[in-house]
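Reading the structure
Chain residues, written in single-letter form:
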Amino acid sequence: MPPRKRVAKNGTALKMIGAQVAILRKKKNLTQKALGHEVSLDGETVASIEQGRRPLMPDAAERMDLVLETGGLLAAAVAFLPAVDQIPVWAEAFIDLEREAVSMSSYENQVIPGLLQTAEYARAVFTNEIPALSQRKIDERVETRLERQAILYREDPPGLSYVIAEAALLDQLGGRDVYRAALRHLRSCADLHGISIQIMPLGRRTHAGLSGPFVLIETPDLQQLAYAETQRGSQLISDRNEVSILSRKYAMLRTQAFNPEETKGLLDRLLGER
């Protein structure tokens, strides 16, 4: 079933920021392409920001403030964007990008990645949030997570690569039955077309992912972005240098992890099937 199209309740705020970018750009007599060149974005992305179709991300806002000499106006506007249905605007923007992505590469060290979770496992993850979420909010988040998984079964699924820390497979979130069902689902996902799953084993002496989880995204217009979550927030990253650093980290993680066939063997052993 195709995912429902999310209604961007932040649309007015994004359009307002986009209009500010357009006005400031024109005052500097810059084209969208020229501004994009100055702030490491392509012209189409600048156009999307100005039209309110894509959020201006914090790092890009800071670079635009410098180029357009705004005194920090855009960064301040971005900092006060509202949350939507308890999902930060950057997380919502990530979900929109995820739906259209050509490819994604994800490193996760605490839980099974969201697109590969069962409903019961996702519920267990959200039940462990502190402060505690209401049952209504938990239900909404589980529904949103399951809707996102529709991209796995498209006729033209994106290329998906995952490196998952073995520790994430050992915590029995939700209890033994939920845990085993989650492992069985992960094992079935490992056989899906276009998906590569690799487990980073415990006990390594070198590790490229010690700074935490992240996702790399390639958009249909070949823009390279990254997304990272922390305990108290999330951010989309468009700066080419930062994305390049994370890309190099991911490449190293893939060499350090079990290959996909070894990963399937490990999952089979955890399930007691080999």
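Everything in this summary refers to the structure shown in the same document. Since we're looking at a predicted model, the values are computed, not measured. (Residues numbered from 1 in each chain as written. Predicted model: local features only at pLDDT ≥ 70, side-chain atom pairs only at ≥ 80, totals over all residues. Heavy atoms only, no water.)

1. Notes on the overall build of the protein chain
- Of regular secondary structure, the protein chain possesses eleven helices and six strands.
- Its C-alpha atoms give the protein chain a radius of gyration of 20 Å, within 12% of the compact-globule value 19 Å for 274 residues.
- Summarising its shape, the C-alpha atoms of the protein chain cover approximately 65 × 40 × 35 Å along the three principal directions.
- Relative to its full complement of 274 residues, the protein chain shows a buried share of 50%. (Helix = DSSP H or I, 4+ residues; strand = E, 2+ residues; numbered from the N terminus. Rg over C-alpha atoms; globule rule 2.2 N^0.38 Å. Buried < 20%, exposed > 50% of the residue type's maximum accessible area, 1.4 Å probe, protein only.)

2. What about the packing of aromatic side chains?
- Using the criterion set out here, one finds three aromatic pairs in the structure.
- Between tyrosine 107 and phenylalanine 214, the aromatic rings sit 6.3 Å apart at their centres with planes inclined by 50°, giving tilted as the arrangement. Of this pair, tyrosine 107 sits in strand β1 (residues 103-108) while phenylalanine 214 sits in strand β4 (residues 214-218); the two residues are 107 residues apart in sequence, bridging distant segments of the chain. Here tyrosine 107 matches phenylalanine 214 in class, with each residue buried.
- Geometrically, the ring pair formed by phenylalanine 214 and tyrosine 250 is edge-to-face, given 6.3 Å between the ring centres and 80° between the ring planes. A residue pair is termed long-range when its members are at least 10 positions apart, and phenylalanine 214 in strand β4 and tyrosine 250 in helix α10 (residues 240-256) qualify at 36 residues.
- For phenylalanine 214, a relative accessible area of 5% gives the class buried.
- Take tyrosine 250: its relative accessible area is 4%, and that puts it in the buried class. (Phe/Tyr/Trp six-rings, centres within 6.5 Å; stacked < 30°, edge-to-face > 60°.)

3. Observations regarding the pairing of β1
- Of all six residues making up β1, five are buried, and the element is well covered by its neighbours.
- In terms of strand pairing, β1 meets strand β2 (residues 159-165) through six bridges, oriented parallel. Looking across to β2, one finds that serine 103 is bridged to glycine 159. (Pairing = 2+ DSSP bridges.)

4. Points about the environment of isoleucine 245
- Relative to the helices and strands, isoleucine 245 is located in helix α10.
- The exposure class of isoleucine 245 is partly exposed, given its relative accessible area of 36%.
- Separated by 95 residues in sequence, isoleucine 245 and alanine 150 place their C-alpha atoms 30 Å apart.

5. Examining the pattern of salt bridges
- Scanning the model with the defined rule gives 13 salt bridges in all.
- Glutamate 50 is the partner of arginine 25 in a salt bridge, and the nearest nitrogen-oxygen pair spans 2.6 Å. Here arginine 25 is found in helix α1 (residues 11-27), whereas its partner glutamate 50 is found in helix α3 (residues 43-50), with 25 residues between them in sequence. The same class applies to arginine 25 as to glutamate 50, namely buried.
- The salt bridge involving lysine 264 is made with aspartate 191; its shortest N-O contact spans 3.0 Å. In this pair, lysine 264 is assigned in helix α11 (residues 260-270) and aspartate 191 in the loop between α9 (176-189) and β3 (195-200), connecting sequence segments 73 residues apart. (Salt bridge = Lys/Arg side-chain N within 4 Å of Asp/Glu carboxyl O.)

6. Some thoughts on the pairing of β3
- Of all six residues making up β3, six are buried, and the element is well covered by its neighbours.
- The alternating pattern of β3 places Ile195, Ile197 and Ile199 on one face and Ser196, Gln198 and Met200 on the opposite face, and all of these are buried.
- Relative to β3, β2 runs parallel, the two sharing six bridges. Each residue of the ladder has a partner; that of leucine 160, found in β3, is isoleucine 195.

7. Focus: helix α7 (residues 119-127)
- Within the sequence span of α7, burial applies to Tyr121, Ala122, Ala124, Val125 and Phe126.
- Buried residues belonging to α7 abut α8 (135-148) and α9. (Contact = heavy atoms within 4.5 Å.)

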